[in-house]
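These are the residues of each chain, in order.
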Amino acid sequence: VRLRRRDGSVFTAEVSGRALDPLARPLRVVWVVTDITERIADEVRRTLFGTQLQELVSHSGDGYWQTDAQHRLVHVHAPQAPLDGILDARIGRPWWTHDPRPGAPTDARQTDIRQVFEQRSAFRELMVEVRNGYQPPRWLSLSGTPRQNEHGCFLGYHGIAVDVTERVRGAERIRHLAYHDALTGLPNR
């Protein structure tokens, strides 16, 4: 409720009452009034911040992702192709299981990615190769932060995925040109 102080200022209050003896007449009640103005203001600020953050993510070219406590991707938002299709196809799987073929061998990169997630600490620019069927693999740079509930229990990660495929392919091309003849394609060193 909104109440007025003696000085005339208005504040938001939480009011609770308890009867001393519910059977007694006249009924005597103890009332407790708590000023919750700051709590309400904090909730409004958090709601506004969340709305602004969602708007910012929706206008970004980067993808937003969330995992559960077992590191499986549970939510993605990517406004632009091809990142939207890449992330949607990963729902229900951890980031380190990038080869869609059943029984595909685990490589050292997958093990490294898994270790980063299992540390449950924030990370930046984790390179992940994402194979998507018959097309050439894509490369994503992940940055993530652990999510926790109000009791400090780990809920999973959330973060940003940036498609850096063209940058990786450019670096590979430069490396190839440095060690191979431009005309014949044969190694020159």
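Residues numbered from 1 in each chain as written. Predicted model: local features only at pLDDT ≥ 70, side-chain atom pairs only at ≥ 80, totals over all residues. Heavy atoms only, no water.

A. Region of interest: the pattern of salt bridges. Taken as a whole and assessed by the stated rule, the structure comprises eight salt bridges. Between E14 and R39 there is a salt bridge, with the nearest N and O atoms lying 3.2 Å from each other. Taken together, the residues span a long stretch of sequence, with E14 in strand β2 (residues 10-19) and R39 in helix α1 (residues 37-59) at a distance of 25 residues. For R39, a relative accessible area of 41% translates into the label partly exposed. Salt bridges sharing common partners tie together E38, D42 and R45. (Salt bridge = Lys/Arg side-chain N within 4 Å of Asp/Glu carboxyl O. Helix = DSSP H or I, 4+ residues; strand = E, 2+ residues; numbered from the N terminus. Buried < 20%, exposed > 50% of the residue type's maximum accessible area, 1.4 Å probe, protein only.)

B. Quick look at the nonpolar core. Core analysis: the largest hydrophobic core is formed by 19 residues, its most contacted members being W65, W95, F117 and L142. Among the elements of the structure, β5 (73-77), α2 (83-88), α3 (108-118), β6 (123-130), β7 (138-148) and β8 (154-163) are those that each provide at least two residues to this core. Look past the residues within four positions of F117 in its chain and what remains in contact with it is W65, H71, W95, W96, F123, L126, L142 and Y157. (Core = buried A, V, L, I, M, F, W, Y, C linked by side-chain atoms within 4.5 Å. Contact = heavy atoms within 4.5 Å.)

C. Molecular detail of the sheet that holds β7. Spatial strand order, β5-β4-β8-β7-β6: five strands in an open sheet with antiparallel pairing. Because the sheet does not close on itself, it has two edges, and the strands there are β5 and β6. Neighbour to neighbour, the strand axes of the sheet diverge by 30 degrees on average, direction disregarded. Where α3 meets the sheet, its contacts fall on β4 (63-67), β6, β7 and β8, and the angle it forms with β6 comes to roughly 145 degrees. (Pairing = 2+ DSSP bridges. Axes fitted to C-alpha atoms, helices over the stretch in contact; angles between N-to-C directions.)

D. Up close: the side chain of T67. Relative to the assigned elements, T67 resides in strand β4. For T67, a relative accessible area of 0% corresponds to the buried category. Not counting residues within four places of it along the chain, the set of residues in contact with T67 comprises R72, L73, V74, W95, R147, L155, G156 and Y157.

E. Fine view of the packing of aromatic side chains. Per the stated rule, a full pass over the model turns up eight aromatic pairs. Ring geometry for F123 and Y157: centres 5.4 Å apart, planes at 55 degrees, overall tilted. Of this pair, F123 sits in strand β6 while Y157 sits in strand β8, and the two are 34 residues apart along the sequence. Comparing F123 with Y157 shows no difference in burial state: the two are buried. Residues F154 and Y157 carry aromatic rings whose centres are separated by 5.7 Å and whose planes lie at 75 degrees to one another, so their mutual orientation is edge-to-face. (Phe/Tyr/Trp six-rings, centres within 6.5 Å; stacked < 30°, edge-to-face > 60°.)

Nothing here speaks to function; it is geometry throughout.
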